[in-house]
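# Coordinate analysis (summary)
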Amino acid sequence: MTSHDLEIGYRGATACSAAGITYRQLDYWARTSLVEPSIRTASGSGTQRLYGFRDILVLKIVKRLLDAGVSLQNIRTAVDHLRGRGVTDLERVTLMSDGASIYECTSSDEIIDLLAGGQGVFGIAVGKVWHEVEGSLLTLQGEINGQLISGQDNDELSLRRKSKGA
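Heads up: these notes are all about the structure in this document. Please read these numbers as outputs of a predicted model, since none were measured by experiment.

Conventions we followed
Residues numbered from 1 in each chain as written. Predicted model: local features only at pLDDT ≥ 70, side-chain atom pairs only at ≥ 80, totals over all residues. Heavy atoms only, no water. Pairing = 2+ DSSP bridges. Helix = DSSP H or I, 4+ residues; strand = E, 2+ residues; numbered from the N terminus. Axes fitted to C-alpha atoms, helices over the stretch in contact; angles between N-to-C directions. Contact = heavy atoms within 4.5 Å. Buried < 20%, exposed > 50% of the residue type's maximum accessible area, 1.4 Å probe, protein only. Expected span 1.5 Å × (residues − 1). Salt bridge = Lys/Arg side-chain N within 4 Å of Asp/Glu carboxyl O. Core = buried A, V, L, I, M, F, W, Y, C linked by side-chain atoms within 4.5 Å. Parallel < 35°, antiparallel > 145°, perpendicular 65-115°, else oblique. Left-handed = near helix turned anticlockwise from the far one by under 90°. Nonpolar A, V, L, I, M, F, W, Y, C, P; charged D, E, K, R; others polar.

## Quick word on the sheet that holds strand S2 (residues 102-105)
Sheet architecture is open: three strands sit in the order S2-S1-S3, paired in antiparallel fashion. Bordering the open sheet on either side are S2 and strand S3 (122-125), each of which pairs with just one other strand. Each neighbouring strand pair of the sheet contributes to a mean axis angle of 25 degrees, computed without reference to strand direction. As defined by bridge partners, strand S1 (residues 94-97) adjoins S3 across four bridges and the pair is classed as antiparallel. Bridging across to S3, Met-96 finds its partner in Gly-123. Together, S1, S2 and S3 form the strand contacts of helix H3 (residues 53-67), whose direction differs from that of S3 by roughly 170 degrees. Against the sheet, helix H7 (residues 126-137) makes contact with S1 and S3, and its axis sits at roughly 50 degrees relative to S3, the strand it touches most.

Here's what the structure looks like:
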């Protein structure tokens, strides 16, 4: 994942497809500030929100936490915490939960300690979700600086050719 890849914006329908959520969920989460688009927010009727890679990663994590029965209030706390982390830091994080609380683990020892204390019931390896989202976005259409790009043309060589007009 390059810094250029982080600048690519994905429309709502694409973000939904990559994250495995409905458009209704996406809209509600954006309106309630759970997960807001970082590339471009809606600025009135007819404007398109654009979600970045990190936004879609968080959307997929929120979906998994909801599916596991974690309350929206606890998910909001976890999302606020994840927003404060660097993008590359997220890849080595595992979120553990007992259904009520969410714990962040960055090493195997922390996971073992949590399980030994009887607190962890399930875990979400953010790195695995990261790679799933990356794979999904490879085939989906994105947008950068107002220009549409197909998912299969997101590699560096294709983008250079486009910028040179070749």
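## Focus: the environment of Trp-130
Within the secondary structure, Trp-130 is located in helix H7. Judged by its relative accessible area of 3%, Trp-130 falls in the buried class. A C-alpha to C-alpha distance of 6.2 Å links Trp-130 and Leu-57, two positions 73 residues apart in sequence.

## Let's talk about H3
Its 15 residues place the ends of H3 21 Å apart at the C-alpha level, agreeing with the 21 Å of an ideal helix rising 1.5 Å per residue. Turning to H3, its buried residues number three or more, namely Phe-53, Arg-54, Asp-55, Ile-56, Leu-57, Val-58, Leu-59, Lys-60, Ile-61, Val-62 and Leu-65.

## What about the pattern of salt bridges?
Applying the stated criterion across every chain yields a total of eight salt bridges. The shortest N-O distance in the salt bridge between Glu-132 and Arg-64 comes to 2.5 Å. Linking Glu-132 in helix H7 with Arg-64 in helix H3, this pair joins segments that are 68 residues apart in sequence. Judged by its relative accessible area of 24%, Glu-132 falls in the partly exposed class. Several salt bridges share partner residues, and in doing so they unite Lys-60, Arg-64, Lys-128 and Glu-132 into one network.

## Things to note about the nonpolar core
Ile-56, Leu-57, Leu-59, Ile-61, Val-62 and Leu-137 are the most contacted members of the largest nonpolar core, which totals 38 residues. Elements with a contribution of two residues or more to this core: helix H1 (12-19), helix H2 (23-31), H3, helix H4 (72-83), S3 and H7. At eight residues, the largest contribution of residues to this core is made by H3. Apart from the residues within four sequence positions on either side, Leu-57 is in contact with Leu-90, Val-126, Val-129, Trp-130 and Val-133.

## A word on the packing of H3 against H4
Viewed as axis vectors pointing N to C, H3 and H4 meet at an angle of 150 degrees, and their least axial separation amounts to 11 Å. As far as their axial angle goes, H4 and H3 are roughly antiparallel. Here the hand of the crossing between H3 and H4 comes out right-handed. Contact with H3, carried on its side by Arg-54, Val-58, Ile-61, Val-62, Leu-65 and Leu-66, involves Leu-72, Ile-75, Val-79, Leu-82 and Arg-83 of H4 and no other residues of that element. Classifying every residue of the contact of H3 with H4 by side-chain character gives nine nonpolar, no polar and two charged.

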